[in-house]
2 protein chains.
Amino acid sequence: ALAAPAIAQSQPKITWRLTSSFPKGLDTIYGGGPTFAKYVSEATDGNFQIQVFAANEIVPGLQAADAAAAGTVEACHTVSYYYWGKDPVWALGADVPFALNARGRNAWQYHGGGIELFNEFMAKQNLVALPSGNTGVQMGGWFRKEINTVADLQGLKMRVGGFAGSILSRLGVIPQQIAGGEIYQALEKGTIDAAEWVGPYDDEKLGFQKVAPFYYYPGWWEGGPTVHLMFNKGKFDELPESYKSLVRTAARATDSDMLSKYDWLNPTAIKKLVANGAQLRPFSQDVLSACFDKSNEVYAEIEAKNPDFKKIWDSIKAFRKDHYLYQQIAEYNFDTFMMSQQRNKKL
Amino acid sequence: ALAAPAIAQSQPKITWRLTSSFPKGLDTIYGGGPTFAKYVSEATDGNFQIQVFAANEIVPGLQAADAAAAGTVEACHTVSYYYWGKDPVWALGADVPFALNARGRNAWQYHGGGIELFNEFMAKQNLVALPSGNTGVQMGGWFRKEINTVADLQGLKMRVGGFAGSILSRLGVIPQQIAGGEIYQALEKGTIDAAEWVGPYDDEKLGFQKVAPFYYYPGWWEGGPTVHLMFNKGKFDELPESYKSLVRTAARATDSDMLSKYDWLNPTAIKKLVANGAQLRPFSQDVLSACFDKSNEVYAEIEAKNPDFKKIWDSIKAFRKDHYLYQQIAEYNFDTFMMSQQRNKKL
């Protein structure tokens, strides 16, 4: 049943601050914050205002969740795998290697209990987390030379973060931490051999193809990464019921909006990149299989000592098996046929 | 800029009626109506109520849009291709053969101007239409015997509607109109040879595998069909700005919710169907290519005489080419690898 307070109480004037993990230049992923704020403000005649701050305006991008948990700000817009160093469970909320594509992740989150499972863990961090964006599968990154076999990964200095880096390091890659703005120069000088960023639309702006022309796919460590809104738990719990519901609805609309926007923008970007010299390369089955096996080794190690991780990962894995069983029937065959027509220039 | 009326004016008490094209038994697709109504009611503390009526409670399912246009009800939840007989432009709002998958459709609708283009046409029908659901690619239907070549379509009596039926008829199929509740018996008696319904989750409830065991895919006439909320234009235009924005946000959240729900439910259903005797069969390349060519013939004929159709179809086609170019890179390769692991029982 709905709470039925007087109208004046049901739309109290509230102003929140939201810190984003993203710079404004990553306009699509950063844009999720302003989009969400707009939906909420409009639906409340401006009574519930959420001011959005880009990375570094209040705190650095990688401290966004900490700032929301501490109450420095009421909300943040971030990717939970940034915080996997605290506990790998954080990564499960966003994405981990060889998990679900975007549609699978959404099915699991919204109807498979994923949001509730992740929030059991987030409550311990003093946060409430709602999905509010997805990039689709990312690219595997930019490489100065071709990677044909697992042996080619040996000694490769690659700008790659978190979970993926820890798996790649078991195959001889030397993960590097480099800020976004310094990647180009590091590739140009040869300080690093490879770097992953996001996908065509964001990558195109940085011109990596000029210094590392081989553009590999897929980014197997991010098959459909969720971007989250996270709220200070006390502040969220205090909201009137109408605002809580609106926040959930607006987050959900934002979630869908970001993926659609990337899906709209990426095709044009990939054409530009190829026209400007990018050379598309799929990771070989050999490389993908080795990465898959190493990922499973890492999962087994974490599961053995982290029951929170095991609980959520078991839930994802159970659905993953059924999702890819189902998706290979009608969806895959429709797409395969349409792609064959595209290659035959019949579209 | 936001209108800034007094609070009491900004959340006026409104009760609308929404007629659904679906019976309650199709709980996922019907469910979009109640889900949307819940989002709107909760965010307004119950001030904006939308009462949802199943098909036939107010008007028959296939008259839902007419009832909203006439103002008999303020809103309906329906699939616009039901009305393609009035004008084939209606079908473009939902889906047409060999168009876009669900992600592509959303990209085009939300960021490619699709919603605006369709609403230029809908305004002439006295309606405002917002996407609010998707089933994902549908199945090709249930067949009593195998379809291996185009010749096997000759004389086939198939329960299949609208646009797809008109294309299949050019390949010798005899389209039949049969209400959902009568399909089983018609297949059992052999009055018809084949029938399409929706997809595994809805089909499983009706037990078609017992009378027509060959379950074909993909449903090439519905690669990612949009279900719409449609509003009487005058009633929608009269809403306060805050309600208009909320309706858009809630429709969008509903759009995403339905697809996630089908994606969650279909895998379990397909396993049950196969366990109970359904035999999965892909349409052959020969059959798909013939249907694709006939579809293009039909499109060319309509475009030649219907400028509204040509304008929207040109817009879809332009994006379709780029969408399938892009999707075959990272998305397709990630999915292909994961599906191969699924078949190798490694997930």
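- For chain A, the name recorded in an unreviewed UniProt entry is TRAP transporter substrate-binding protein, with Mesorhizobium liriopis as its organism.

Looking at the relation of the copies chain A and chain B
Here is step 1: Of the transformation placing chain A onto chain B, the axial shift is 0.0 Å and the rotation is 180°, giving an RMSD of 0.0 Å. Here the transformation between the copies is reduced to the relation of a two-fold axis. Residue Ala 253 of chain A of chain A places its C-alpha closer to the rotation axis than any other residue of that unit, at 2.3 Å.
Here is step 2: Mapped onto chain B, 100% of the interface residues of chain A are again interface residues, and the two copies thus contact each other with one and the same surface.

Here's the deal with the packing of helix α2 (residues 27-43) of chain A against helix α11 (residues 241-275) of chain B
Here is step 1: Packing of α2 of chain A against α11 of chain B leaves a shortest axis separation of 7 Å and a crossing angle of 135°. One way to sum up the angle between α2 of chain A and α11 of chain B is to call them oblique. Considering only the axes of α2 of chain A and α11 of chain B, their crossing is left-handed. Packed against α2 of chain A, whose contacting residues are Tyr 39, Glu 42 and Ala 43 of chain A, the element α11 of chain B presents Ser 242, Ser 245, Leu 246, Thr 249 and Arg 252 of chain B at the interface.

Some remarks on the interface of chain A and chain B
Here is step 1: The interface of chain A with chain B comprises 85 residues on the first partner and 85 residues on the second.
Here is step 2: Approximately 8,300 Å² of surface area, both sides summed, lies buried where chain A meets chain B, with 65% of it carried by carbon and sulfur atoms.
Here is step 3: Joining chain A to chain B, the criterion identifies 8 salt bridges.
Here is step 4: Here Lys 271 of chain B makes a salt bridge to Asp 322 of chain A, at a shortest N to O gap of 2.9 Å.
Here is step 5: Where chain A meets chain B, there are 31 residue pairs in polar contact (both at pLDDT 80 or more).
Here is step 6: Sorting the residues of the side of chain A that touches chain B by element identifies α1 (7-10), α2, α5 (102-111), α11 (241-275), β11 (279-282), α12 (285-305), α13 (307-327) and α14 (330-343) of chain A as the ones contributing at least two each.

With respect to the pattern of salt bridges
Here is step 1: Counted according to the given criterion, the structure contains 42 salt bridges over all chains.
Here is step 2: A salt bridge links Lys 124 of chain A to Asp 308 of chain A, with the shortest nitrogen-to-oxygen separation between them at 2.8 Å. Taken together, the residues Lys 124 of chain A in the loop between α6 (114-123) and β4 (127-134) and Asp 308 of chain A in helix α13 connect sequence positions 184 residues apart.
Here is step 3: Among the salt bridges present, the one from Lys 86 of chain B reaches Asp 66 of chain B, with a minimum N-O distance of 2.4 Å. Of this pair, Lys 86 of chain B sits in the loop between β3 (75-78) and α4 (89-94) while Asp 66 of chain B sits in helix α3 (residues 64-70); the two residues are 20 residues apart in sequence, bridging distant segments of the chain.
Here is step 4: Assessed through its relative accessible area of 30%, Asp 66 of chain B is described here as partly exposed.
Here is step 5: If you follow the salt bridges from partner to partner, you end up with Arg 170, Lys 294, Glu 297 and Glu 301 of chain A in one network.

Cut-off values and rules
- Residues numbered from 1 in each chain as written.
- Chains lettered and ligands numbered in written order.
- Predicted model: local features only at pLDDT ≥ 70, side-chain atom pairs only at ≥ 80, totals over all residues.
- Heavy atoms only, no water.
- Least-squares fit on C-alpha atoms with pLDDT ≥ 70 in both.
- Contact = heavy atoms within 4.5 Å.
- Axes fitted to C-alpha atoms, helices over the stretch in contact; angles between N-to-C directions.
- Helix = DSSP H or I, 4+ residues; strand = E, 2+ residues; numbered from the N terminus.
- Parallel < 35°, antiparallel > 145°, perpendicular 65-115°, else oblique.
- Left-handed = near helix turned anticlockwise from the far one by under 90°.
- Buried area = accessible area lost by both parts, 1.4 Å probe.
- Salt bridge = Lys/Arg side-chain N within 4 Å of Asp/Glu carboxyl O.
- Polar contact = N/O pair within 3.5 Å; in protein donor to acceptor, adjacent residues only side chain to side chain.
- Buried < 20%, exposed > 50% of the residue type's maximum accessible area, 1.4 Å probe, protein only.

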